Amino acid sequence: MSILNIKNLNTYYGKSHILQGVNFNLDKPGCLALLGRNGAGKTTTLRSIVNLTRPDSGEINFNDLNLKDLSTYEIAEKGLTMVPENRGMFSSLSVLESLNIINNNYNNSEWNIERVLESFPQLKTKLKNSSTSLSGGEQQMLAISKALLTNPKLILLDEPTQGLAPNIVLELIEILRKILSEHISLLIVEQNVNMALEIATEVSILGKGETKWNGTKKDFKKNIAYHKEWIGI
Ligand code: ATP
């Protein structure tokens, strides 16, 4: 059984053919890093997987379930959720209200607000604060907390380190390692290739909307010079 299998994904924005054949596979629990230059189509790939942008063709299987025709909410109920690049914060909602909304809409068999706050004690002292008043690192923690409250088996993370100070990035790496140790898989889009390689087991490279390379981190590291053209490091 594969965690996530993407076959020949094609997605358009209007008449622009953005994804032109995306293929990758996470065949066992772990972390896949989706790398590529700006505009390669990484965010569009994540949005297509959770049907925030409807793909035109291709196949997306999650735990061998074909996601075709499922809504974003139904996909989250099946255990696949996305943390968007803007972290999905609403200024009108406090930290607690943000957590409650998710908590009230999903089955809380594994994760509930108490358990999430034990994992992110920094949020405990800020429950009444507006979500957008939090620091970048705290916002990322809140976004991950909200994802955990959906009881996921796979979380898609779009550039989680964006705008974070180096010490907060290290903290985030530890958080993501802990999540992986809970048998939750990750698909991470990152410009910070070194950070992504700290936690990834598999790598997929996207260039101009097409998959250019798939393989293990070990094989990726053997020939980083070859991949430079597509990942821009
Ligand atoms: P970045 O790191 O800059 O976010 P990315 O690899 O995530 O890049 P996407 O955001 O998926 O790339 O964008 C892929 C292409 O789709 C780009 O050419 C972008 O301009 C285009 N695009 C993105 N969103 C839209 C939209 N809503 N409407 C039209 N074109 C879009």
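Above this text sits the structure in question.
Below: a short report on this structure.

1. Re helix 3 (residues 95–103)
Working step 1: Turning to helix 3, its buried residues are V95, S98, L99, I102 and N103. Down the axis of helix 3, the buried side of the element spans an arc of 130°, and every buried residue falls inside it.
Working step 2: Those residues of helix 3 hidden inside the fold are in contact with helix 4 (113–119), helix 5 (121–124) and helix 6 (136–148).

2. Some details on the packing of helix 3 against helix 6
Working step 1: Contact geometry of helix 3 with helix 6 gives a least axis separation of 9 Å together with a crossing angle of 20°. Between helix 3 and helix 6, the interaxial angle falls into the category roughly parallel. Classified by chirality, the crossing of helix 6 by helix 3 is right-handed. Touching V95, S98, L99 and I102 of helix 3 are L142, S145 and K146, all from helix 6.
Working step 2: For the contact of helix 3 with helix 6, the per-class residue count stands at four nonpolar, two polar and one charged.

3. With respect to the nonpolar core
Working step 1: Grouped together as the largest cluster of nonpolar side chains are 47 residues, with contacts concentrated most on L148, I155, L176, I179 and F220.
Working step 2: Among residues more than four places away in sequence, those in contact with L176 are I144, L157, L186, I188, M195 and I199.
Working step 3: Counting 26 residues, the second-largest nonpolar core is a separate cluster that includes L26, L34, L70 and M82.

Parameters and conventions
Residues numbered from 1 in each chain as written. Predicted model: local features only at pLDDT ≥ 70, side-chain atom pairs only at ≥ 80, totals over all residues. Heavy atoms only, no water. Buried < 20%, exposed > 50% of the residue type's maximum accessible area, 1.4 Å probe, protein only. Helix = DSSP H or I, 4+ residues; strand = E, 2+ residues; numbered from the N terminus. Arc of directions from axis to C-beta. Contact = heavy atoms within 4.5 Å. Axes fitted to C-alpha atoms, helices over the stretch in contact; angles between N-to-C directions. Parallel < 35°, antiparallel > 145°, perpendicular 65-115°, else oblique. Left-handed = near helix turned anticlockwise from the far one by under 90°. Nonpolar A, V, L, I, M, F, W, Y, C, P; charged D, E, K, R; others polar. Core = buried A, V, L, I, M, F, W, Y, C linked by side-chain atoms within 4.5 Å.

Everything listed is a geometric property; what it means functionally is a separate question.
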